[in-house]
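Coordinate analysis (summary)
One letter stands for each residue in the lines below.
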Amino acid sequence: MKKSKIFKVIMLSVIISVASISCHKDKAEVKIPVTSVKLNKHDISLVIGTKEVLLPNVLPSNATNKKVTWKSKDTKIATVDPAGSVTAIAEGKTSIIVTTVDNGKTDSCVVTVTSKAIPVTGVSVTPTTASVEVNKTTQITATIAPSNATNKKVTWKSSSETVATVDANGLVTGKSAGTATITVTTEDGGKTATCTVTVTAASVPVTGVSVTPTTASIKVNATTQITATVDPSNATNKKVTWKSSSETVATVDANGLVTGKAKGTATITVTTEDGGKTATCEVTVTE
């Protein structure tokens, strides 16, 4: 092989390698910025000498740099280490602030420190009854009494997980039609409260509506019936409304019964409550 050809081959290899390195470098430089941070708790009560770890949720989940820093507004009351572990030092109230290294997004948790534990006296839930469709969710919220109780931890349980499940935060998911009792229990004192959840079948949306007949002829003061058929036949909400384009010519009641009023032509329109689907019937009124 001639020297010139060998040189060209070498140069081409170098160019390809440089391009490949440049391409990889460009990809590596693509950064996904942090948009927000949220703590798992925003209000905690601790007894002097006890600890609790706060957990930050940095968003988006695929952010490039999820590092955070921690700070206590008053280290004489409570301190926080680089892992988010809060230590109660003295009676009082302070705030623990988490800040993302990228973009400086912040969130905070109020820490109340007491010299002795404040026991839980009760718990309530909101709402006490709820309805949810299959595969949909509804939130149940627990409220601990007193509001400054030291240990506000609770557990959740469903009486029938085949009907409805509940997660550690009180979020209920409908599984099948039926009724289930969701119970919350306080860790301190074992106080309980319940919510009765009724799970219904998933709603079936309306896809269309048609009328029979599509044209009609009646005399003044005579009547004719127009019938609406909602699709699909198993649609959850089959309610409809009726309207006449000219009530001086023909009126229509809530059931689709048309009455001739004067010679002329009127368009009778039916509209579904779900989806606003429509269909029409042309009515001619004769003397």
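Described in the following lines is the structure provided in the data block.

So, how was this worked out
- Residues numbered from 1 in each chain as written.
- Predicted model: local features only at pLDDT ≥ 70, side-chain atom pairs only at ≥ 80, totals over all residues.
- Heavy atoms only, no water.
- Salt bridge = Lys/Arg side-chain N within 4 Å of Asp/Glu carboxyl O.
- Helix = DSSP H or I, 4+ residues; strand = E, 2+ residues; numbered from the N terminus.
- Buried < 20%, exposed > 50% of the residue type's maximum accessible area, 1.4 Å probe, protein only.
- Pairing = 2+ DSSP bridges.
- Axes fitted to C-alpha atoms, helices over the stretch in contact; angles between N-to-C directions.

Overview of the pattern of salt bridges
Applying the stated criterion across every chain yields a total of two salt bridges. Glu52 is the partner of Lys41 in a salt bridge, and the nearest nitrogen-oxygen pair spans 2.5 Å. Remark: Glu52 occurs in strand 3 (residues 51-53) and Lys41 occurs in the loop between strand 1 (36-39) and strand 2 (43-47); sequence separation between them is eleven residues. Given a relative accessible area of 28%, Lys41 falls into the partly exposed group. Given a relative accessible area of 14%, Glu52 falls into the buried group. The shortest N-O distance in the salt bridge between Lys136 and Glu133 comes to 3.5 Å. For Lys136, a relative accessible area of 44% corresponds to the partly exposed category. The class of Glu133 is partly exposed, set by a relative accessible area of 23%.

A few points about the sheet that holds strand 16 (residues 171-174)
The strands making up a sheet associate through backbone hydrogen bonding, with each pair oriented either parallel or antiparallel. If you trace the three strands from one edge of the open sheet to the other, you get 12-16-15, paired in antiparallel fashion. At either margin of the open sheet sits one strand with a lone partner, and together these are strand 12 (137-139) and strand 15 (164-166). This sheet shows a mean twist of 25 degrees between the axes of neighbouring strands, independent of strand direction. As defined by bridge partners, strand 15 adjoins strand 16 across three bridges and the pair is classed as antiparallel. Bridge assignment links Thr165 to a residue of strand 16, and that residue is Thr173.

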